[in-house]
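Analysis of the macromolecular model
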Amino acid sequence: MIYFLIPVFNEELNIPNLFTELNALYLQEELFFVFSDDGSSDQTKNLIQQHFAQKQFVILGDGINRGPGAAFNTGFEWILSSSKNPNDRVVTIEADCTSDLSILPVMLTLNQMQYDLVLASVYAQGGGFDKTSFFRKFTSAVANFIFRFLFNVQVLTLSSFYRVYSIDILRKIKTAQHSIISEAGFICMLEVLVKAIHQKAKVIEVPMKLHSNKRRGQSKMKVLKTMFQYFSFLLKNQWASRE
């Protein structure tokens, strides 16, 4: 089984295109779509129910907006409680169609080659941005450099949602840390990456072009708020830089 974990927050403009892209996938495994709703106040849930009616899917959430980290953690917990096969995989993607699904077969193949965590990377050779502001690219690059140095993380992209996880590495993180994600904000992707590395995960990156022009509506990430979360995480986790 491949579980697609998709956090959503007011994505009514993107759900139709997201369904079209996911429906076009041809994968051998059975697919299950896990939507973790972070308190949407628009028609997101209704549109998911309409478009995915013929698919295996679930919509999680209690109607409260807590942040993407909380949405991811809710989804991961549900998947771990539902998965019965040690060969299951989890694919996490953005709901706004900026995850390039054309590279997913390569990511899944690498995962089958014993890579516990496969990252889609705009910084890997061959990756890149499309129509992203200089300020956002600059702050992202600076934050990535600082955290790669301080946490001794030998990957280029730390915060991308688009990843493939083996179910085994998620269970190891859960057992060792009691929670897969505790951070509520976008820093959650760095948190789970660091936790996976502490569990000796084999990690590899696949280059991806980020086409932000496919997004309908505005990005939910606030750059300055996210930068503050990064440095707050650093202060709370100085132990990680010493191990």
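Residues numbered from 1 in each chain as written. Predicted model: local features only at pLDDT ≥ 70, side-chain atom pairs only at ≥ 80, totals over all residues. Heavy atoms only, no water.

What to know about helix α7 (residues 188-198)
- Of all the 11 residues making up α7, nine are buried; the element is thus mostly covered by neighbouring parts of the structure.
- Remark: Lys200 follows α7 within two positions and exhibits a positive phi of approximately 65 degrees. (Buried < 20%, exposed > 50% of the residue type's maximum accessible area, 1.4 Å probe, protein only. Helix = DSSP H or I, 4+ residues; strand = E, 2+ residues; numbered from the N terminus.)

Some details on the sheet that holds strand β8 (residues 203-207)
- Read across the sheet, seven strands follow the order β3-β2-β1-β4-β7-β5-β8 without closing on themselves; strand pairing throughout is mixed. At either margin of the open sheet sits one strand with a lone partner, and together these are β3 (57-60) and β8. Sheet twist, expressed as the mean angle between neighbouring strand axes with direction ignored, is 20 degrees.
- Bridge analysis of strand β5 (residues 117-121) against β8 gives five bridges, and the strand direction is parallel. When the bridges of β8 are listed, Leu117 appears paired with Val203.
- The strands that α7 touches are β5, β7 (163-166) and β8; relative to β7, the one it contacts most, it runs at about 40 degrees. (Pairing = 2+ DSSP bridges. Axes fitted to C-alpha atoms, helices over the stretch in contact; angles between N-to-C directions. Contact = heavy atoms within 4.5 Å.)

Comments concerning the pattern of salt bridges
- Applying the stated criterion across every chain, the model contains five salt bridges.
- With a closest N to O distance of 2.8 Å, Arg66 and Asp62 form a salt bridge.
- Between Glu191 and Lys195 there is a salt bridge; the shortest N-O distance is 2.8 Å. Note that Glu191 and Lys195 are positioned in helix α7 at a spacing of four residues, about one turn of the helix. As far as burial versus exposure is concerned, Glu191 and Lys195 are alike and both buried. (Salt bridge = Lys/Arg side-chain N within 4 Å of Asp/Glu carboxyl O.)

Regarding the nonpolar core
- Counting 34 residues, the largest nonpolar core has Phe4, Leu22, Leu104 and Tyr162 as its most contacted members.
- Among the secondary structure elements, those contributing two or more residues to this core are β1 (2-8), α1 (15-23), β2 (31-37), α2 (44-51), α4 (104-112) and β5.
- Once you skip the residues sitting within four places of it in the chain, Leu22 turns out to touch Phe4, Ile6, Phe33, Phe52, Ile93 and Leu101.
- Formed by 33 residues, the second largest nonpolar core is a distinct cluster that contains Ile79, Tyr165, Ile169 and Val192. (Core = buried A, V, L, I, M, F, W, Y, C linked by side-chain atoms within 4.5 Å.)

Description of the packing of helix α3 (residues 68-82) against helix α6 (residues 167-177)
- Remark: α3 packs on α6, axes separated minimally by 11 Å, with the N-to-C direction vectors making an angle of 110 degrees. Regarding the angle of α3 to α6, the classification is roughly perpendicular. Between α3, through Phe76, Glu77, Ile79 and Leu80, and α6, the contact on the second element is made entirely by Ile167, Leu170, Arg171 and Lys174.
- Its residues assigned to classes, the contact of α3 with α6 shows five nonpolar, no polar and three charged. (Parallel < 35°, antiparallel > 145°, perpendicular 65-115°, else oblique. Nonpolar A, V, L, I, M, F, W, Y, C, P; charged D, E, K, R; others polar.)

Side note on α4
- By the burial criterion, the buried members of α4 are Leu104, Met107, Leu108, Leu110 and Asn111. End-on view of α4: buried residues confined to an arc of 160 degrees, all on one side of the axis.
- Contact partners of the buried residues in α4: β1, β4 (89-92), β5, β7 and β8.
- Phi turns positive one or two residues past the end of α4, at Gln114, with a value near 75 degrees. (Arc of directions from axis to C-beta.)

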